[in-house]
Amino acid sequence: MMKSIRLKYCTDNGCTFKFVNRAILQDFQISEKKGKIALDLSLKTGESVSLLGGAETIDAFNHRWSRFETSEEIFFDLAEFEVIR
């Protein structure tokens, strides 16, 4: 099964979605900054993506990620996170 992570990129012209294959995710770091969750994704392609979101706690995010990793879910939605680079 091809699991993917959904990212949302927004500009003045609107928003688009990008799906990143879970297999190319090398690592991710999670931290809290000013009451928001900050994620740094490192991809095996050498690309890195930083995101910021405030919809959930780190514990809730980790629980959702663990469920994604062990379930039949095919994509992990990060659309509520703002891509900052």
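The structure we're discussing is the one just above.
Conventions and cut-offs
- Residues numbered from 1 in each chain as written.
- Predicted model: local features only at pLDDT ≥ 70, side-chain atom pairs only at ≥ 80, totals over all residues.
- Heavy atoms only, no water.
- Disulfide = S-S within 2.5 Å.
- Buried < 20%, exposed > 50% of the residue type's maximum accessible area, 1.4 Å probe, protein only.
- Helix = DSSP H or I, 4+ residues; strand = E, 2+ residues; numbered from the N terminus.
- Core = buried A, V, L, I, M, F, W, Y, C linked by side-chain atoms within 4.5 Å.
- Contact = heavy atoms within 4.5 Å.
- Phe/Tyr/Trp six-rings, centres within 6.5 Å; stacked < 30°, edge-to-face > 60°.
- Pairing = 2+ DSSP bridges.
- Axes fitted to C-alpha atoms, helices over the stretch in contact; angles between N-to-C directions.

Let's talk about the state of the cysteines
- Overall, the coordinates contain one disulfide when judged by the stated rule.
- Residue pairing for Cys-10: its cysteine sulfur links by disulfide to Cys-15, the two sulfurs lying 2.0 Å apart. Disulfide Cys-10 to Cys-15: torsion about the S-S bond roughly 105°, handedness right-handed.
- With relative accessibility at 46%, the residue Cys-10 sits in the partly exposed group.

Points about unusual backbone geometry
- Residue Lys-34 is not a glycine yet carries a positive backbone phi of 55°.
- With respect to the secondary-structure elements, Lys-34 resides in the loop between strand E3 (25-33) and strand E4 (36-43).
- Judged by relative accessible area, Lys-34 falls into the exposed class, the value being 86%.

Observations concerning the nonpolar core
- Membership of the largest hydrophobic core comes to 17 residues, with the highest contact counts inside it found for Leu-7, Leu-51, Phe-61 and Leu-78.
- Of all elements in the fold, only strand E1 (4-11), E4, strand E5 (48-53) and helix H1 (58-70) reach the threshold of two or more residues within this core.
- In terms of residues, this core owes the most to one element, E4, which gives four residues.
- In this view, Leu-7 contacts Thr-16, Phe-17, Lys-18, Val-20, Leu-41, Val-49, Leu-51 and Leu-78; residues no more than four positions away in its chain are not counted.

Overview of the packing of aromatic side chains
- One pass over the full model with this rule turns up eight aromatic pairs.
- Considering the side-chain rings of Phe-19 and Phe-75, the 5.9 Å spacing of their centres and the 85° angle between planes classify their relative orientation as edge-to-face. Separated by 56 residues along the polypeptide, Phe-19 in strand E2 (residues 14-21) and Phe-75 in strand E6 (residues 75-77) bring together distant segments of the chain.
- Measuring from centroid to centroid gives 5.0 Å for Phe-28 and Trp-65, while their planes differ by 65°, and the two rings are edge-to-face. With a gap of 37 residues between them, Phe-28 in strand E3 and Trp-65 in helix H1 connect regions that are remote in the sequence.
- Among the aromatic residues, those joined into a cluster by ring pairs are Phe-28, Phe-61, Trp-65, Phe-68, Phe-76 and Phe-81.

Some points on the sheet that holds E6
- Within the open sheet, the three strands sit side by side as E2-E1-E6. Their pairing is mixed. Edge positions in the sheet fall to E2 and E6, since each has one partner strand and no second. Adjacent strand axes in the sheet meet at a mean angle of 30°, parallel and antiparallel pairs treated alike.
- The pairing of E1 with E6 spans three bridges and is parallel. Bridge pairing in E6 links Ser-4 to Phe-75.

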